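Each chain, letter by letter, is given below.
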Amino acid sequence: MTTICVVKDDRGELDGLTEQDRRAWRRFWKKIKQLEVGEFFSFDHWFPRNPALHKLHFKVVGTLFDAQERFDDADALRGWLYVGAGYCDFYPGTDGEIVAIPRSVKWSKIDDADFEALHRKVIAFMREHRCRRFLWPHLSDAHAYETIEILLQEFERG
């Protein structure tokens, strides 16, 4: 896959950042202009990560870690949340049973659009009955629900 770094120049026009980028950008733009009715192409775009969302996400997970009763390791809780949110791959385990392995959230592995979607899915999973029952098995359903809502309320004010 080709990566093209594009910059807005002093005329307000988009162009490649380096000479190689400029050649690739012009080739890409030429393909767009030459499209005929009904023709299409697709491309991938990487949205740079938003550090504020990254910080918020890890603060939410950290706050949940401090409030829950099941995990002794914050990374283990985070991995469990990612599996619950569906951000995982499935592999056969050593016994042949399928095992869910959480995906990485390294800056180079997930762009901002996908990280934002993951964050929303983690929050939704935190509100699910199965998540609350596991994290607070001794609480009533109503009390576990109230606990997670109070915890999330702090992060949903704005």
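Structure first, text after, so check above.
Presented here is a report on the structure given in the accompanying data block.

Thresholds, definitions, all that
- Residues numbered from 1 in each chain as written.
- Predicted model: local features only at pLDDT ≥ 70, side-chain atom pairs only at ≥ 80, totals over all residues.
- Heavy atoms only, no water.
- Helix = DSSP H or I, 4+ residues; strand = E, 2+ residues; numbered from the N terminus.
- Rg over C-alpha atoms; globule rule 2.2 N^0.38 Å.
- Buried < 20%, exposed > 50% of the residue type's maximum accessible area, 1.4 Å probe, protein only.
- Contact = heavy atoms within 4.5 Å.
- Axes fitted to C-alpha atoms, helices over the stretch in contact; angles between N-to-C directions.
- Parallel < 35°, antiparallel > 145°, perpendicular 65-115°, else oblique.
- Nonpolar A, V, L, I, M, F, W, Y, C, P; charged D, E, K, R; others polar.
- Lys, Arg positive; Asp, Glu negative; His and termini not counted.
- Salt bridge = Lys/Arg side-chain N within 4 Å of Asp/Glu carboxyl O.
- Polar contact = N/O pair within 3.5 Å; in protein donor to acceptor, adjacent residues only side chain to side chain.
- Core = buried A, V, L, I, M, F, W, Y, C linked by side-chain atoms within 4.5 Å.
- Left-handed = near helix turned anticlockwise from the far one by under 90°.

## Quick word on the overall build of the protein
- Tallying secondary structure elements over the protein gives six helices and four strands in all.
- Listed by position from the N terminus, the elements making up the protein come as β-β-α-α-α-β-β-α-α-α.
- Relative to a compact globule of 158 residues, whose C-alpha radius of gyration would be 15 Å, the protein shows 22 Å and is clearly more extended.
- Oriented by its inertia axes, the alpha-carbon framework of the protein measures out at about 65 × 45 × 30 Å.
- For the protein, the proportion of its 158 residues judged to be buried stands at 28%.
- The contacts of the protein with a sequence gap of at least 6 include a subset with a gap of at least 24, amounting to 49%.

## As for the packing of helix H4 (residues 112-127) against helix H6 (residues 141-153)
- For the pair H4 and H6, the least separation of the axes is 9 Å and the interaxial angle reads 150 degrees. Taken together, the axis directions place H4 and H6 in an arrangement best described as roughly antiparallel. Where H4 approaches H6, its residues Ile123, Met126 and Arg127 are matched on the opposing element by Ile148, Glu149, Leu151 and Leu152.
- Here the residues of the contact of H4 with H6 sort into five nonpolar, no polar and two charged.

## What about the side chain of aspartate 112?
- Secondary-structure assignment places aspartate 112 in helix H4.
- As a buried residue without a salt bridge, aspartate 112 has its nearest oppositely charged side chain in arginine 49, at a separation of 5.0 Å.
- Within the structure, the side chain of aspartate 112 is placed 2.9 Å from the backbone nitrogen of asparagine 50, a separation counted as a polar contact.

## Focus: the pattern of salt bridges
- Evaluated as defined, the whole model comprises 11 salt bridges.
- Where glutamate 149 meets arginine 127, a salt bridge forms, and the shortest distance between an N and an O atom there is 2.7 Å. Highlighted residues: glutamate 149 in helix H6 and arginine 127 in helix H4, separated in sequence by 22 residues.
- The closest approach of N and O atoms between arginine 133 and aspartate 141, which form a salt bridge, is 2.9 Å.
- Connected via shared salt-bridge partners are Glu19, Arg22 and Arg23.

## Describing the nonpolar core
- Leu64, Leu81, Leu118 and Met126 are the most contacted members of the largest nonpolar core, which has 27 residues in total.
- Those elements giving two or more residues to this core turn out to be helix H2 (51-67), helix H3 (74-84), H4, helix H5 (129-135) and H6.
- Of all the elements, H4 adds the most residues to this core, at six residues.
- Once residues within four sequence positions are removed from consideration, leucine 64 is found in contact with Leu77, Leu81, Met126, Leu135, Trp136, Ile148 and Leu151.

## Here's the deal with the packing of H2 against H4
- In contact at an axis separation of 11 Å, H2 and H4 are set at 20 degrees when each is read in the N-to-C sense. With respect to H4, the element H2 is oriented roughly parallel. The two elements H2 and H4 meet at a crossing, and its hand is left-handed. Only Asp112, Phe115, Glu116, His119, Val122, Ile123 and Met126 of H4 make contact with H2, whose side of the interface consists of Leu53, His54, Leu56, His57, Phe58, Val60 and Leu64.
- Residues of the contact of H2 with H4, tallied by class, amount to nine nonpolar, three polar and two charged.

In short, geometric facts, not functional conclusions.
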